[in-house]
Every structure is written in C-alpha cells, then in structure tokens.
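Survey of secondary and tertiary structure
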Amino acid sequence: MPNPSPGYSITVRVTAPVGAGTTSTLAGAVASVKGAMTALDVVESHPDHMVIDVTCDASDVEHAEQIASAIADVPGVVVGKVSDRTFLLHLGGKLEVVPKVPLKHRDDLSRAYTPGVARVCTAIAENPEDVRRLTIKRNTVAVVSDGSAVLGLGNIGAAASIPVMEGKAALFKQFADVDAWPVCLDTQDTDAIVEIVRALAPVYGGINLEDISAPRCFEIEARLREMLDIPVFHDDQHGTAIVVLAALTNALRVVEKSLDTVKIVVSGVGAAGHAIIRLLVAQGATNIVACGRNGILSPDDTSDSFRSWIANNTNPEARSGSLQDALAGADVFIGVSAPDILTGSDIETMAERSVVFALANPVPEVDPVAAGKHAAVVATGRSDFPNQINNVLAFPGVFRGLLDAHAVEITDDMLIAAARAISDSVSPSELNPTYIVPSVFDAAVAPAVAAAVRGVAGAGRDDDV
C-alpha cells in the first residue's frame, strides 16, 4: 500500500461518549488500519457526549473508507459526516479575480472605466506596443490545455482538466506573482487549437501549454511560436527538462561523475522524454540511450519526426534490445514513462554509484525503496520521498523572467540558465544524496530562475507611463 498522503485527507465527524480514553481509542482505531491521524478536534462538549473531528491521511479512496469504518467500529461512537478535504478545497474553484485599483466613488469609475478608459484605448490603437504596459498583458499567462493528457489520467477532456489548470495558475501566482488563467479548450483538433490560441493571444504576455498529448503538442507549440510575438512554453516538455537537468547536475556532483562521459538511459520518448534528451544533448551529454514501449529506439524508428530526431541523436553504440538490456552498466536512469516497469534487480545491473530518476507519477517506474538499495541517488516525482522533481521549481520563475524581459521567444540557453539557477540554489554544504534539488517552497528559487532567464533574454523596457 502506498504511504498515506494529504491528497487523500479526510475529516470524520463523530459523536463519542465522554471519557478519558476516548481520544486515544479513536487514534488507535485510525492506526489499526495504517491511517495517519493529523488532527483531533473537539467541536462540541456536553455532559454525556462529545462531537469530535478526526482528521487523517489515507493512501487512496478505499483506504479512506477503511479508516472511517474502523472509527465507526469503536464502541459508543457514531460516525456522522465524512468529508474529503481535497474536494472541499476545490469547492467553487481555486481562483478569483481581484481588482488592482480602487473603485469607491465616481472619480475612480471615471478613470478606470468610461470616459477615461477611452483615452487609454486610443493610445493603444495608435501605438500597439503600449498594450504591454497599459493592460494585464504585461503580467498574464494563459494556461492552455485540451485535456488530452492530464497528469496520469490520460484523455479526460477539457472540463475535467480545469482543476489541474486552476492549480497551475495558483502556483504561478504563489511563487512568482504571475497572473495566470485556465484556458481549457473543448477541441482536440490541432488546427482549431492553434487558431483559438492565436486569436486570444492579445490578452496574454505568454502561453503555457499544458497536458496536450504527443505528438500533437510538438506541432501546436512550433506553429504558435512561429506566429506569435509572445513566448510559448510547453511545461510538460521544457519545465520537466529544466528540473531534470538541474537535479542531474547536482546528482552527478554527489557521485563525482561528469555529464559528458556518463551513460544515460531515458525511458519514455513522448513530450517529456524528447525535451529532456534535447536539453541534455545541448548541455553536452554524449551517450544517451532512449527506450520506448518496444525497447531501445533505432534510426529505423520513423513513426514521427520527433522520435526520428531522438533515434538519430541517441544510442551511439547502436545497441538493440529491451529497457533492461539498455540499463546494464548505465550510470543514470531517467524514467518519464510508466509505473512498475523495473525492479530493484534491474537497478542492481547499473554501474557503481548510479543515479535513478523514476518520475512516473503517482507510481514510479521502480519502487524508490528497492532502487535505493543499489543506486547512490534516487529521485521521484512524489512529495513523500526525498528529491522530488517538480516542475514548480521551474515554470513560475521562467515566466517571471520572460515577462520582465518582454521576451518574444524561448531558447535552449534560457532553459539551461534556469536549470543552473535551480541547481545552484542548493549550496555545497547542503548537497547530499537525499537533497539534490531545493524545496518547492524555497522562496529564493523563483527569483533566481527569473534573474537567470532575464539575463539571457535581456532587460525589459520601462513600464512607467
């Protein structure tokens, strides 16, 4: 069973008899089914009974039901409402629009709206570049998805993708003070998506593509970059690649190996795998073996231009075989593919002081505990294990830097600079096998990434009127 997680947190409201042992009995009931109790609050107290909220983390929905049942089985306890705290957090959505200017009297209204606003509209019509400094465009990003590849859920559609895109927008604001908004499109037609985003682009200073399936995501990004004068960033590709490069830089420091000499195996040749390989090659990696569902890619794999690029820029020894064959003797494993495709025995075949990044979420390619018995450094995409590879380390700061610089395009040099800023956020005195990337809550990371991107992109113009 996976470890209990706040993602499956519940609050069970119970009526229980008064007694010195009531609370310890409730705690014992939760522990008996391996739940993690995080709070126990007395809501009401009466001469003969108490109303108590028992809050605990579960590992999944079924486990949450087991916890509630265990509590209900306590003699004298009556279970009332069982609340799923994750669903409660999402009630009504996670975002709101708040005016930045006061609207308290007629004078405010006359300047913020008619008649004063007409003067600003005219100024933009006469000088279109003023739209960046006189509207929300200067600090606003569209989080665009068609719901075709959402997290590990697959093609669930536009409406079901909204909670993820809301969360993404909240992270933009929390970590980099970037205003972002979900733009979830009820179409999966490539031409339609490109045209819709082109048409709505005047409002935004950047486009963040999210959870769009490969290979369509590559074409959508390429076409939008060609036609728009604002940066277009596919986070599933470039955000992942940035954080992987940052983490690998520090992992190789720990194991005292060099990127230009290590043998790297990448499992997964979709959007994330493609971007990771491209960025590693740009940074100097020379020996990468890429594996898809059918094993090691070869130059004969021409199912699309992106897989062809991978096949033609990896596997310098022209090896063939399975993922397990590729892994033998490798220094680094990077998985962005599927759960439970490797065992600890497979990791044992790798080189001494190996590095394992098992990033499939929520279930990694290999059990991190099993991998840790053989690898020197292990990272996952999960928050309940050390070394979480999380895109939130990258995308807020990247867009902060792009917006501040009024950047039009995104280059590999910017991505590499962002990765370097993340890796350098871990000081030599902090670096160890279980701490190769900074915490996602490290307030210094996003400004450092923004400064690095801005330094490559160039300084923005004066935004004063």
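Residues numbered from 1 in each chain as written. Predicted model: local features only at pLDDT ≥ 70, side-chain atom pairs only at ≥ 80, totals over all residues. Heavy atoms only, no water.

**What about the overall build of the protein?**
On a plain count of helices and strands, the protein comes out with 18 helices and 14 strands. Relative to the compact-globule value of 23 Å for 465 residues, the protein shows a C-alpha radius of gyration of 25 Å, a close match. Across its three principal directions, the C-alpha atoms of the protein cover 75 × 75 × 45 Å. The buried share among the 465 residues of the protein stands at 46%. A fraction of 68% describes how many contacts in the protein between residues 6 or more apart in sequence connect residues 24 or more apart. A gap of 5 Å separates the mean positions of the 34 positive and 57 negative side-chain charges of the protein. (Helix = DSSP H or I, 4+ residues; strand = E, 2+ residues; numbered from the N terminus. Rg over C-alpha atoms; globule rule 2.2 N^0.38 Å. Buried < 20%, exposed > 50% of the residue type's maximum accessible area, 1.4 Å probe, protein only. Contact = heavy atoms within 4.5 Å. Lys, Arg positive; Asp, Glu negative; His and termini not counted. Charge placed at Lys NZ, Arg CZ, Asp CG, Glu CD.)

**Concerning the sheet that holds strand 14 (residues 377-380)**
Pairing is mixed in the open sheet, where 6 strands are placed in the order 11-10-9-12-13-14. Sheet topology places strand 11 (295-296) and strand 14 at the edges, where each strand pairs with a single neighbour. Examined bridge by bridge, strand 10 (residues 288-292) and strand 11 share 2 bridges and lie antiparallel to one another. The partner of Gly 292 across the bridge, within strand 11, is Gly 295. Taken strand by strand, helix 11 (residues 271-282) contacts strand 9 (264-267), strand 10 and strand 12 (332-335), and its axis lies near 175° from that of strand 10. (Pairing = 2+ DSSP bridges. Axes fitted to C-alpha atoms, helices over the stretch in contact; angles between N-to-C directions.)

**Re unusual backbone geometry**
Omega for the peptide link from Thr 114 to Pro 115 comes to 5°, which places this bond in the cis form. Relative to the helices and strands, Pro 115 resides in the loop between helix 4 (106-112) and helix 5 (117-126). Residue Pro 215 follows Ala 214 across a cis peptide bond; omega there is 5°. Within the secondary structure, Pro 215 is located in the loop between strand 7 (206-209) and helix 9 (216-227). A positive phi angle, near 55°, is found at Asp 211, a position not held by glycine. Looking at where Asp 211 falls in the secondary structure, it is placed in the loop between strand 7 and helix 9. Although it is not a glycine, His 406 adopts a positive phi angle of roughly 55°. Positionally, His 406 belongs in the loop between helix 16 (395-404) and helix 17 (412-424).

**Observations concerning the packing of helix 16 against helix 18 (residues 445-457)**
Close contact between helix 16 and helix 18 brings their axes to 7 Å; oriented N to C, the two are set at 45°. Judged by the angle between their axes, helix 16 and helix 18 are oblique. The two elements helix 16 and helix 18 cross, and the hand of that crossing is right-handed. Residues Gly 397, Val 398, Arg 400, Gly 401, Leu 402 and Asp 404 of helix 16 touch helix 18, and the partners they reach there are Ala 446, Val 449, Ala 450, Val 453 and Arg 454. Split into classes, the residues belonging to the contact of helix 16 with helix 18 amount to 6 nonpolar, 2 polar and 3 charged. (Parallel < 35°, antiparallel > 145°, perpendicular 65-115°, else oblique. Left-handed = near helix turned anticlockwise from the far one by under 90°. Nonpolar A, V, L, I, M, F, W, Y, C, P; charged D, E, K, R; others polar.)

**Quick word on a nonpolar patch on the surface**
Judged by side-chain polarity, Val 101, Leu 103, Leu 109 and Tyr 113 come together as a nonpolar surface patch covering roughly 420 Å² of accessible area. Within the secondary structure, Leu 109 sits in helix 4. (Patch = residues over 30% accessible without salt bridge, like charges linked within 9 Å, V, L, I, M, F, W, Y side chains within 5 Å. Areas by Shrake-Rupley, 256 points an atom, 1.4 Å probe, with all protein chains shown as cover. Salt bridge = Lys/Arg side-chain N within 4 Å of Asp/Glu carboxyl O.)

**Here's the deal with the domain arrangement of the protein**
Under the domain assignment used here, the protein contains domain 1 (6-90), domain 2 (106-230) and domain 3 (255-460). For domain 1 and domain 3, the distance between their C-alpha centroids amounts to 41 Å. (Domains from an automatic or database assignment.)

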